[in-house]
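# Secondary and tertiary structure notes
As a plain string of letters, each chain reads:
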Amino acid sequence: TRALHDFHRSGCGNAGDDLSRSPEAIYRIHLENQSSIKATVTGEYDRVVYLRRACDDPGAELVCVDDWIDPPEVLQHPHLDAGEYFIFVDGYDGQEGPYEITFAVRPPYFPPENDTCATALPLPVGRHVRGTTRLAEDQYASTCTRRRGHAAPDVVYRFELDALTRVRLTLEEHRVDGEAEDAGDFDSVLYLRRDCLNDTPPVACVDEPEPQVIDAFLGAGEYFVFVDGWREGEGDFRLLMEQSEPN
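Residues numbered from 1 in each chain as written. Predicted model: local features only at pLDDT ≥ 70, side-chain atom pairs only at ≥ 80, totals over all residues. Heavy atoms only, no water.

What follows covers the overall build of the chain. Looking only at helices and strands, the chain has zero helices and 18 strands in total. Taken across its 247 residues, the chain has 46% of its residues classed as buried. Across the chain, contacts joining residues at least 24 apart in sequence account for 77% of those joining residues at least 6 apart. As displayed, the chain has an accessible area near 12800 Å², and 47% of this comes from carbon and sulfur atoms. (Helix = DSSP H or I, 4+ residues; strand = E, 2+ residues; numbered from the N terminus. Buried < 20%, exposed > 50% of the residue type's maximum accessible area, 1.4 Å probe, protein only. Contact = heavy atoms within 4.5 Å. Areas by Shrake-Rupley, 256 points an atom, 1.4 Å probe, with all protein chains shown as cover.)

Written out as structure tokens, the structure reads:
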């Protein structure tokens, strides 16, 4: 951004007059259809990245990112209508310098339907279920999510057993053509409850390097499976439940 000019202000990071004297670069994007977008910006200075519907209108800002603690800046929007948009690469407190930006356009996504226990989806046996915690609410927690500082969204599945059964649950990051989509973005947590109350001790709770696995002998009854994240982690996943008779 060196040799550029400072014409614009963001809604975060450099919002004040004393902290907004950084030059910015502007990218124009045109979406043919409703889409989700992701822009990742890296560099050796403190960057601020924001998205507008209209270039010269601060009131048209849709997203603003200033991740000073944990770079890079990752700007995302789950569902934008077709049309023209503008991405700004700015700086904090007069900072400027070289950067790299990568940009991806994907189909739009919306809040998952299994965001609560009341709308928990049935979990099939022996078949991978693909899902996401993106845009879900943070409504639940467990012993291994460490509630203090926990703000990750979560989704819920349910299943019933008629008799004592060995159940194995395997959670891993969503895979596309053999590669991890957004690899490293989603630090997942998996836990299992007999009912959905937030203060109910779990049957099991795991937060380990991928994949997360729960393998337990469970009695007859209804169970709830929670896919959560560490701290503010969110992302796409696939979940598999396998059942067998106890030996």
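Read on for the rest.
We now examine the sheet that holds strand 14 (residues 188–193). Two orientations exist for strands paired in a sheet by backbone hydrogen bonds: parallel and antiparallel. Ordered in space as 8-10-17-14-15, the five strands form an open sheet in which the pairing is mixed. Whereas interior strands pair on both sides, the edge strands pair on one side only; in this sheet they are strand 8 (121–122) and strand 15 (204–206). As paired strands, strand 8 and strand 10 (residues 155–161) are joined by two bridges and run parallel to one another. When the bridges of strand 10 are listed, proline 122 appears paired with arginine 158. (Pairing = 2+ DSSP bridges.)

What follows is about unusual backbone geometry. Despite not being glycine, leucine 135 shows a phi value in the positive range, around 75°. Checked against the element boundaries, leucine 135 lands in the loop between strand 9 (129–132) and strand 10. Residue leucine 135 is classed as partly exposed on the basis of its relative accessible area, which comes to 33%.

Strand order in the open sheet formed by four strands is 9-18-11-16, and the pairing between neighbours is antiparallel. Two strands lie at the open edges of the sheet, namely strand 9 and strand 16 (212–218), each paired on one side alone. Here the average twist between neighbouring strands, direction ignored, is 20°. One ladder, built from seven bridges, connects strand 11 (residues 165–173) with strand 16; its direction is antiparallel. When the sheet's bridge partners are listed, arginine 168 is paired in strand 16 with aspartate 215. (Axes fitted to C-alpha atoms, helices over the stretch in contact; angles between N-to-C directions.)

Of all nine residues that make up strand 11, seven are buried, and the element is covered over most of its length. When strand 11 meets strand 18 (residues 236–244), the two strands line up antiparallel, connected through eight bridges. What sits directly across from arginine 166, in strand 18, is serine 244.

Tyr157, Phe159, Leu169, Leu190, Val225, Val227 and Leu239 are the most contacted members of the largest nonpolar core, which totals 24 residues. No other element matches the four residues that strand 10 contributes to this core. Counting 15 residues, the second largest nonpolar core, distinct from the first, contains Leu51, Val63, Val65 and Leu75. (Core = buried A, V, L, I, M, F, W, Y, C linked by side-chain atoms within 4.5 Å.)

What follows concerns the pattern of salt bridges. Under the counting rule described, the total for this entry stands at seven salt bridges. The partner of aspartate 236 in a salt bridge is arginine 134, and the shortest N-O contact between them spans 3.3 Å. With aspartate 236 in strand 18 and arginine 134 in the loop between strand 9 and strand 10, this residue pair connects regions lying 102 residues apart in the sequence. Each of the two residues, aspartate 236 as well as arginine 134, counts as buried. Through salt bridges with shared partners, a single network forms among Arg166, Arg168, Asp215 and Glu242. (Salt bridge = Lys/Arg side-chain N within 4 Å of Asp/Glu carboxyl O.)

This part is about the confidence of the model for the chain. Looking at the chain as a whole, its pLDDT mean stands at 84, while 84% of the residues score no less than 70. Summarising per-element confidence for the chain, the mean pLDDT is lowest in strand 13 (residues 179–180) (42) and highest in strand 8 (98). Here residues 15–19 is modelled with pLDDT under 50, and outside its nearest four sequence neighbours on either side it reaches six contacts, counting other chains as well. This model gives residues 176–184 a pLDDT under 50, and the stretch forms 15 contacts once residues within four places in sequence are excluded. (pLDDT = per-residue confidence, 0-100.)

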